[in-house]
2 protein chains.
Amino acid sequence: MEDAAEILLSRLIRNARVAALGTIRAEGPNVSMVAFIPKEDFSAFFILVSRLAQHTVDMRKDKHVSLLIAETDDARSDPQTLARVSIRGSAEAMIVGEPGYNPIKKMYLDRFPASAPLFELTDFSLWRIRARGGRFVAGFAKAYNITPETLQSASQR
Amino acid sequence: MEDAAEILLSRLIRNARVAALGTIRAEGPNVSMVAFIPKEDFSAFFILVSRLAQHTVDMRKDKHVSLLIAETDDARSDPQTLARVSIRGSAEAMIVGEPGYNPIKKMYLDRFPASAPLFELTDFSLWRIRARGGRFVAGFAKAYNITPETLQSASQR
């Protein structure tokens, strides 16, 4: 991927605060909105979800997920030119106290200070979505298949 | 659903230009960004997609889809309070010239004039997503299961 595209991908992932999370429900896909933070090297993405939420029930049954991070619609004439990346991944609940848990919690709270009370509730947990691959649309008719290596390379921009 | 929530749902659906489309791929869900227009009564949503795009390949194999319409992130302190609606639906390609095709095409072009050249390409088609139900999150910890009737009622606001 050329330099300009890598820089665009990196900015897209670092600037966005919310993503669309796709999970598998009984009959088909389900898409919900989540607040997220990326791991520094873009190998994983972290979300804080309630055990009672439908997407969490879905992820417990089937770990396959998809995360869409899209540029905010800025009212440009053609929204098809908005940059976006779909990341295919597998989701797993983090255990409080597991290696790496506290730095992720701190990073999440730095980004979303209003979420602090949720960490006090027993039904909220951090989940890790490991990136397996995906597709980056840098604008209309300009798309790239991406791998974990692409993401890692972009994270250094 | 109370009046204020219905009005919020109606504005959310009418103001948004892009949505996250969830489809089923071989191994799991896939989420991509689409520009959309709602039918006047919110019973269906229309998208213009390329036959070559991955989400179109998915929809040809499995018509079950999910459409997330989320309020634009306005940099508020807690993004979990953004309103959003997940709509479960079934997707079908429209046939050029079928009853209702021309009014939908006109409505799509009124909303997305930059898409006009795509209608000249043989690999782009309008698809209809019929709404089966869904979930509306009017802000954090304020959520409603919705039906086609809820959507129809909101469309009159």
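What counts and how
- Residues numbered from 1 in each chain as written.
- Chains lettered and ligands numbered in written order.
- Predicted model: local features only at pLDDT ≥ 70, side-chain atom pairs only at ≥ 80, totals over all residues.
- Helix = DSSP H or I, 4+ residues; strand = E, 2+ residues; numbered from the N terminus.
- Rg over C-alpha atoms; globule rule 2.2 N^0.38 Å.
- Buried ≥ 20, exposed ≤ 12 C-beta atoms within 10 Å, placed from the backbone.
- Contact = placed C-beta atoms within 7 Å.
- Least-squares fit on C-alpha atoms with pLDDT ≥ 70 in both.
- Axes fitted to C-alpha atoms, helices over the stretch in contact; angles between N-to-C directions.
- Parallel < 35°, antiparallel > 145°, perpendicular 65-115°, else oblique.
- Nonpolar A, V, L, I, M, F, W, Y, C, P; charged D, E, K, R; others polar.
- Core = buried A, V, L, I, M, F, W, Y, C linked by C-beta atoms within 7 Å.
- pLDDT = per-residue confidence, 0-100.

1. Section: the overall build of chain A
Scanning chain A from terminus to terminus reveals four helices and seven strands. Scanning chain A from its N terminus toward the C terminus, one meets helices and strands in the order α-β-β-β-α-β-β-α-β-β-α. Rg of the C-alpha trace for chain A: 16 Å, near the compact-globule value of 15 Å for 157 residues, within the 12% margin. Along the first, second and third principal axes, the C-alpha atoms of chain A reach 45 × 35 × 30 Å. With 157 residues in all, chain A has 41% of them scored as buried. Considering only contacts in chain A between residues 6 or more positions apart, those separated by 24 or more positions represent 66%.

2. Observations concerning the relation of the copies chain B and chain A
Rotating chain B by 180 degrees and moving it 0.0 Å along the rotation axis overlays it on chain A with an RMSD of 0.0 Å. These values place the two chain copies in the arrangement generated by a two-fold rotation axis. By residue overlap, the copies meet face to face through one surface: 100% of the interface positions of chain B are interface positions in chain A.

3. Comments concerning unusual backbone geometry
Residues and elements named next belong to chain B. A positive phi angle, near 60 degrees, is found at Phe42, a position not held by glycine. As for its placement among the helices and strands, Phe42 is situated in the loop between strand 2 (29–38) and strand 3 (44–50). The backbone of Ala75 shows a phi angle near 70 degrees, a positive value even though the residue is not glycine. Structurally, Ala75 can be placed in the loop between strand 4 (64–70) and strand 5 (84–93). Of the residues examined, Ala75 has 8 C-beta atoms within 10 Å and is grouped as exposed.

4. With respect to the packing of helix 1 (residues 3–15) of chain A against helix 4 (residues 148–155) of chain A
Residues and elements named next belong to chain A. For the pair helix 1 and helix 4, the least separation of the axes is 8 Å and the interaxial angle reads 85 degrees. In terms of orientation, helix 1 and helix 4 fall into the roughly perpendicular class. Judged by residue contacts, Glu6, Leu9 and Ser10 of helix 1 engage Ser153, Ala154 and Ser155 from helix 4. Among the residues forming the contact of helix 1 with helix 4, the class breakdown is two nonpolar, three polar and one charged.

5. As for the interface of chain B and chain A
Residue-level contacts link 32 residues of chain B with 32 residues of chain A. Within the residue set of the side of chain B that touches chain A, elements represented by two or more residues are strand 1 (18–24), strand 2, strand 4 and strand 5 of chain B. Grouping the constituent residues of the side of chain B that touches chain A by class yields 13 nonpolar, 12 polar and seven charged.

6. Observations concerning the nonpolar core
Among the nonpolar cores identified, the biggest contains 84 residues, and Ala19 and Ile47 of chain A together with Ala19 and Ile47 of chain B are the most heavily contacted of them. With residues near it in sequence (within four places) discarded, Ala19 of chain A still touches Val34, Phe36, Leu67, Leu68 and Ile69 of chain A.

7. Observations concerning the confidence of the model for chain A
The share of residues in chain A with pLDDT of 70 or more is 99%, and the mean pLDDT across the chain is 96. Predicted as a complex, the structure gets a pTM of 0.97 and an ipTM equal to 0.96.

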